[in-house]
Amino acid sequence: MMEKKEMSETKVKRSILARLLPQLRSLSKRGPSGWMVIVGIAIVAALVTMTAIAPWIAPHDPNKANVGPLRSPPSLQFPMGTTALGQDMFSRVLLGGSVMLQVSAISVFVCFLVGVPIGLFSSYVGGNLDKAISLVIDAVYAFPGLVIAIAIAAVLGPGVINMALSIAVVYIPSYFRIVRSQVLSIKELTYVEAARSIGAKWYTILLRYVLPNVVPSIVTVLTVNFADAVLTAAGLTFIGLGVSVDIPDWGYDLTKGRELLSSGGWWVITFPGIMIILLALGFTFIGEGLSELLNPKLES
Amino acid sequence: MPLLEVDSLTVEYKSSRGIVRAVDDVSFSLDKGQTLGLAGESGSGKSTLGLSIIRLVPSPGRIVKGTIKIDGTDVLKLSQDQMRSIRGQKVAYVFQDPMTSLNPVKKIGAHFVEMIQAHEPNTKKEDALERAKTILNNLSILTERINDYPHQFSGGMRQRIMIGLAIAMNPDLVIADEPTTALDVIVQAKILDLLENLRRTYGMALILISHDLSIIMERCDKIIVMYGGNMVEYADSTELHKNPVHPYTQGLLRSIPNIELTDQKLSAIPGSPPNMLNPPKGCRFWPRCKVPKTMCKEKEPFLINIGNDHFVRCFSSPEEGAKDIE
Amino acid sequence: MGLRSYVITRIILTIPTLLLLLTAVFVMMRVLPGDPVALHFEKKATPETMEQMRHLLGLDKPLWAQYADYIGGIVDIGYLLQHGYPNLGKSMQTTTEDVGGQIFSAFPATLELAIYSMIIASVIGILLGVAASKAYNSVWDHLIRGFGIVTYAIPVFFLGIILQLVFGVYLGWFRTGLRISPTVQPPAHITGLYTIDSLLEGNLMKFVESFKSLLLPSLTLGIILSGVFIRLTRTNMLETFRLEFVTAAKARGLKESTVTFGYALRNAFLPILTMVGLQFALLLGGAILTETTFSWPGLGRYIVDRINFRDYTAIQGAVVMFGLFVTLVSLVVDILYAYLDPRIRL
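What counts, and where the lines are drawn
- Residue positions within a chain follow its written sequence, with the count starting from 1.
- In the order they appear in the text, chains get letters beginning with A and ligands get numbers beginning with 1.
- Thresholds applied to this predicted model are a pLDDT of at least 70 for local features of residues and 80 or more for the giving and counting of side-chain atom pairs; totals over whole chains, interfaces and linings are not thresholded and use all residues.
- What counts as a contact here is a pair of residues whose C-beta atoms, placed from the backbone, lie within 7 Å.
- A run of DSSP states H or I qualifies as a helix once it reaches four residues; a run of E qualifies as a strand once it reaches two. Both are numbered from the N-terminal end.
- Note on residue categories: nonpolar means Ala, Val, Leu, Ile, Met, Phe, Trp, Tyr, Cys or Pro, charged means Asp, Glu, Lys or Arg, and polar means any other residue, Gly included.
- Here a strand pair is declared whenever DSSP counts at least two bridges between the two strands.
- Only C-alpha atoms enter the line fits that serve as axes; for helices the fit covers just the stretch in contact. Angles between N-to-C directions range over 0 to 180 degrees.
- What makes a nonpolar core is a set of buried Ala, Val, Leu, Ile, Met, Phe, Trp, Tyr and Cys residues, with links drawn between C-beta atoms within 7 Å.
- Buried, partly exposed and exposed are defined by the number of other C-beta atoms within 10 Å of a residue's own C-beta, namely 20 or more, between the two limits, and 12 or fewer respectively, with C-beta atoms placed from the backbone.

## Remarks on the interface of chain C and chain B
So, step 1. At the interface, 19 residues of chain C touch 23 residues of chain B.
So, step 2. The dominant element in the side of chain C that touches chain B, judged by the number of residues it contributes, is helix α11 (residues 244–251) of chain C, at seven residues.
So, step 3. Class assignment of the residues belonging to the side of chain C that touches chain B gives a composition of nine nonpolar, three polar and seven charged.

## Here we look at unusual backbone geometry
Glycine aside, negative phi is the norm for most residues, and most peptide bonds take the trans geometry.
All names here are of chain B.
So, step 1. Notably, S8 is not glycine yet its phi reads approximately 50 degrees, a positive angle.
So, step 2. Note on placement: S8 falls in strand β1 (residues 4–15).
So, step 3. Positive phi values are uncommon outside glycine, yet D71 reaches one of about 50 degrees.

## What about the interface of chain A and chain C?
So, step 1. Counting from both sides, the interface comprises 35 residues of chain A and, opposite them, 36 residues of chain C.
So, step 2. The set of elements that each furnish at least two residues to the side of chain A that touches chain C consists of α5 (127–142), α6 (145–156), α9 (202–239), α10 (250–261) and α11 (267–294) of chain A.
So, step 3. Partitioning the side of chain A that touches chain C into residue classes produces 28 nonpolar, five polar and two charged.

## Considering the sheet that holds strand β5 (residues 73–74) of chain B
Residue and element names in this part refer to chain B.
So, step 1. The four strands lie next to each other as β2-β1-β4-β5, forming an open sheet whose pairing is antiparallel. Both outer strands of the open sheet, β2 (18–30) and β5, are each paired with one neighbouring strand and no more.
So, step 2. When β1 meets strand β4 (residues 61–70), the two strands line up antiparallel, connected through eight bridges. In the strand pairing of β4, V6 is matched with I68.
So, step 3. With respect to the sheet, helix α1 (residues 46–53) is in contact with β1, β2 and β4, its orientation differing from that of β2 by roughly 65 degrees.

## Let's talk about the nonpolar core
So, step 1. Judged by nonpolar contacts, the single largest core of 238 residues is most densely connected at I150(A), A151(A), I167(A), V230(A), V174(B), L284(C) and A318(C).
So, step 2. No other element matches the 15 residues that α9(A) contributes to this core.
So, step 3. Leaving out residues up to four positions away in the same chain, I150(A) has contacts with I239(A), L241(A), I303(C) and I307(C).

## Some words on the pairing of β4(B)
Residues and elements named next belong to chain B.
So, step 1. Bridge analysis of β4 against β5 gives two bridges, and the strand direction is antiparallel. Within the sheet, the bridge partner assigned to K69 lies in β5 and is D74.
So, step 2. From the end of β4 to the start of β5, which pair antiparallel, there are two residues, and D71 there has a positive phi angle of about 50 degrees.

This is the structure in structure tokens:
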């Protein structure tokens, strides 16, 4: 039974790679922007993989206290040092990404699932409904994102889902707006009119004509959204609205590591910090590269 | 000494897909007070030629060969500062689209003041404004409008303002790049007349760039016909009227509709302009020529002087080209 | 239309936006699951105490009545004139202190931080953006763009901590946690902005001292925000360079610096100005984190403290304040925009 499962897993991995590799190769031909995307994907993939296989390769239980001397700097035995409670930083770093990845993934997912349909529907229907929805969305959009996230998280309480939801609310307007601007410009194009004149139903038009044109912009927003979600999640944790203490989390270590700084301990805060920066950078690279590829500007 | 002497000028654009020779080995001269017409389709290199005279070819374009002498001085050898003092003062340029050539956030008067003070730094603002008002007057624009912004004027008036800016420093040469293309026909004639008047009043030389050969034939002393970056015909306009030799020139003349003929079929030159990244071998025009010879497809023709200071870049002798222009 | 009528129209239009904003905050705080009072006491109080608190805060009234109280309190001009701040309810923690008062005393610190950060961000952004655009596709261009991208990916508090560590602890140049050196009396309160007030007082020493405290936090926030300005300036400058009126200006023989700054930048500036307005929202978010990092006594730190105390009226009041601030800034930006670009007014 185990063999069959492993085999099908390998098959899936192979087919994903088989489809991805040629696309990656074509990306690399598209100049520096293409390379940016590849590097970004590589970084993100590496971090995701690291987090995924961490439970198997972490040398110590990240939460177990006193596996080593308290507050010791990086050494051969503990390559990233230990915390104030004597936990192994290396293990904590390996596993610490899971919260962040989960939170950002869920929030992006929710954002997308809510923002895109509302955007499509509202802009396609138009009229007063569209105006009303846009007004509300614009009010949310103008608001400082972190403030909204803080307010919601404060009321909802700690936890991965709650954090994800508070972040999601902040970024829904971005999807709405980009979808809406695209739909508005496509809506009036002749070939949509032609489709309508032959009696196509509104959902057909939306799905088959409008959506494919909107997808490129959504993808760009998606990747930037991921980066923002990671940073906002870190921010929320820093303020104290994060997850509970017994899950290793980069954001949490950043907060705790700060206390160690005054006595000269730099390692607790640095390594998780670098990880967060890498994750955000990875997504940003993908987003930047994609946006340049999809909207080539300034061609000579 | 001629005012402007261009010799073997070549301008290349370098792109990721290859090199484009927008201007290929062009030579001509222009005397004080003369009018030169540059005719050709879009992409023939006429605009690039005009811009290279004041060394404002947009990157990635570069002047790779040749000399451009203004009053005997080769401007390609001048420093940026020296070039700057020539631009606007000795040689002025009127751009094609008046909508996009003026600074939208600057008042009209400010445009003039800025320019005057750039060339004559000790001029007081009030004096500069007075000069601006005089110019506006000559252009039939109400002087009260000196404090208005560009978007408050119509296209024709904006073009007149551009011309006003061009002549403000009394240049010796004005290059007008498609000065009428963005305007309607009636305004076109007015602008051209205006240019002509100013030219005569101030004794300026004028280079008129246009794809409209009829305008050029009417108003220019000398004419250059450009195709694919090459000069294909160069003559005085009276000579060209009597004796157009190059098949392209003849094609252009044939395609000008004649309002007096009631039964005329519109004739056009078949085919499309050459791909400048990969121009045809031999003469660049042969794919569209009615009478190409074998030699035309193999070797590039050179300029031949067929008398009367009439130069043609073609292997066909004058007699063989079809000549029914009526 | 003329500038004046545009300004008046724009100001009038702000009112419905404000109303919408206040309503949105109300909805957000009330409609979410969870009983604020219970959460506040964290189930450590008797039901009677909780009932008392609910009554005091008006939470036992029906929802529409609460809404009416809420809006009524804010627009209560009499209260505003009497106290110098609007009625935003009472703090859950002390029940005697006015949230409005607390917010208004914390606000100037945030305002000062925001202004200086924005100045630093835009100056860095514009200068680097112009430089990158002029050195298009060169090594410098890529380096500058890279800088912009990387700074955006750094969590603002991480950068703050590093700067604090390097300049505050190791080098000992700056201190943190205070707006001015502890040995110096803060200047007389005119605007609440220590730097301005010290200048108004004519006291240079106080100015320097308060500036020193301000430097690190605003530098942190400014660097993080500059990335957006770099990219925007660069893109706009590149686009503007290609516009014909820039070439036309060169053709008239104007100097390179005149063309770059008077023509290209002047026209590219307008979207940058809009971006300043849009970025203010981001700025405030970053300000919260920065204030927490540097223990800067502003509205951001206030809201974080209140979260720890589970003081929901205070949190609500602070959120309203942020919203008001953002609306005001966007109003000012719109008016400035109309002033700079005459085309908008028509």
